[in-house]
Amino acid sequence: MKKTVALVLGSGGARGIAHIGVIRELLNQGYEISSISGTSMGALIGGVYASGKLDEFESWLCSLSKRDVFNLVDFTLSTHGIIKADRFLKEMQKFIPDQKIEDLPIKYTAVATDLKNRKEIVITEGSLFEAIRASISIPLVITPVQKIDTFFVDGGVLNPVPVNRVFRQKNDILVAVNLNAYIPSQKSTDDSTDLGFLEQFTKGVLIGFPKKMIRLFPVNKKENIGYFNLVVETIGLMLSQISKLTLEMNPPDLLIEISRQSCGVFDFYKAAELIELGKKATMEGFNKWK
């Protein structure tokens, strides 16, 4: 009889690619993933796995260059956010067809936040892509999803590691992945940050945008912080603290931690490196647990 895992995948931008490595290592060690709950990138990776398309998604991510990632970022002048994220999801839909959550072969839960009603939204049915899009809407960065008279934003606002939202089975093992751990990180082979990403982007694609728009981003490395990095770092600190408290209240059997310093929010071109990081963190987690 296979050992089953109830898997919880947290939020954290491109660091969420490490979730793929976690899943690969769990399967490699003989575990069967019976259910998944996820927030933000955790909801995205969890949904892709639940749909049976992780191989295709991993291959696509690992093929992306820095320029490819630039081309997938659809900037907007909306007052609700600076990135729409629609281009990224449309590209995914070319090889991952949308489907109903209730038809997935394993139990899947995505977590989002209802901004107007100030409450957590637990999504267990309906369109998989709509659930993912709602869950990844980082406030002030990715535009929210409008639903009738409210807005859905990133589930990490209220529940960045949804340990209490995963479906449990008898004798399963509860495994949680925290992408917001303040622990040391090995230096990346490409240690550029979101500052470097946006500095290059503004030199090209954003030429012609109003000067006030460009000033949202730090345009040279002498500046300590710009609007974008201020938002990202502030939200990151919030997520880290909420994650810590959530895990103290709902301790998993096995906690896998990924350093916040491992990469920037939009470093999707580091996919192969991040997947290996996820595998390594999982092995380290098992060694401590055993």
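In case you missed it, the structure is sitting above this.
Residues numbered from 1 in each chain as written. Predicted model: local features only at pLDDT ≥ 70, side-chain atom pairs only at ≥ 80, totals over all residues. Heavy atoms only, no water.

Trainee: Where do I start with the pattern of salt bridges in this structure?
Mentor: Where side chains of opposite charge bring their charged atoms close, a pairing between them can arise. Under the defined criterion, the tally for this structure stands at 9 salt bridges. Close ionic contact of Arg24 with Glu58 constitutes a salt bridge, the shortest N to O distance being 2.7 Å. Of the two residues, Arg24 is situated in helix 1 (residues 18-28) and Glu58 in helix 3 (residues 54-63); the sequence distance between them amounts to 34 residues. Glu58 sits in the buried class, given a relative accessible area of 18%. One continuous salt-bridge network, built from bridges that share partners, spans Arg24, Asp55 and Glu58. (Salt bridge = Lys/Arg side-chain N within 4 Å of Asp/Glu carboxyl O. Helix = DSSP H or I, 4+ residues; strand = E, 2+ residues; numbered from the N terminus. Buried < 20%, exposed > 50% of the residue type's maximum accessible area, 1.4 Å probe, protein only.)

Trainee: Sorry, what's going on with the side chain of Glu25 here?
Mentor: One can find Glu25 in helix 1. As a buried residue without a salt bridge, Glu25 has its nearest oppositely charged side chain in Lys279, at a separation of 6.4 Å. Sequence-distant contacts of Glu25, defined by excluding residues within four places in its chain, comprise Lys279, Thr282 and Met283. (Lys, Arg positive; Asp, Glu negative; His and termini not counted. Contact = heavy atoms within 4.5 Å.)

Trainee: I keep staring at unusual backbone geometry and nothing clicks. Help me out?
Mentor: Excluding glycine, residues mostly carry a negative phi; peptide bonds, for their part, are mostly trans. Backbone geometry places Arg118, a non-glycine residue, at a positive phi of 55 degrees. Considering the arrangement of structural elements, one finds Arg118 in the loop between strand 3 (107-114) and strand 4 (119-123). Residue Arg118 is classed as exposed on the basis of its relative accessible area, which comes to 71%.

Trainee: Sorry if this is basic, but what is going on with the nonpolar core here?
Mentor: Generally speaking, a soluble globular protein has its nonpolar side chains buried in company with each other. Within the largest apolar cluster, 68 residues are counted, with the highest numbers of intra-cluster contacts made by Leu7, Ile17, Leu44, Phe57, Met92 and Tyr108. Tyr108 has contacts with Ile36, Ala43, Gly46, Gly47, Ala50, Ile101, Ile123, Thr124, Leu128 and Ile132, leaving out every residue within four places of it along the chain. Grouped together as the second largest cluster of nonpolar side chains are 8 residues, Val161, Val163, Val166 and Leu247 included. (Core = buried A, V, L, I, M, F, W, Y, C linked by side-chain atoms within 4.5 Å.)

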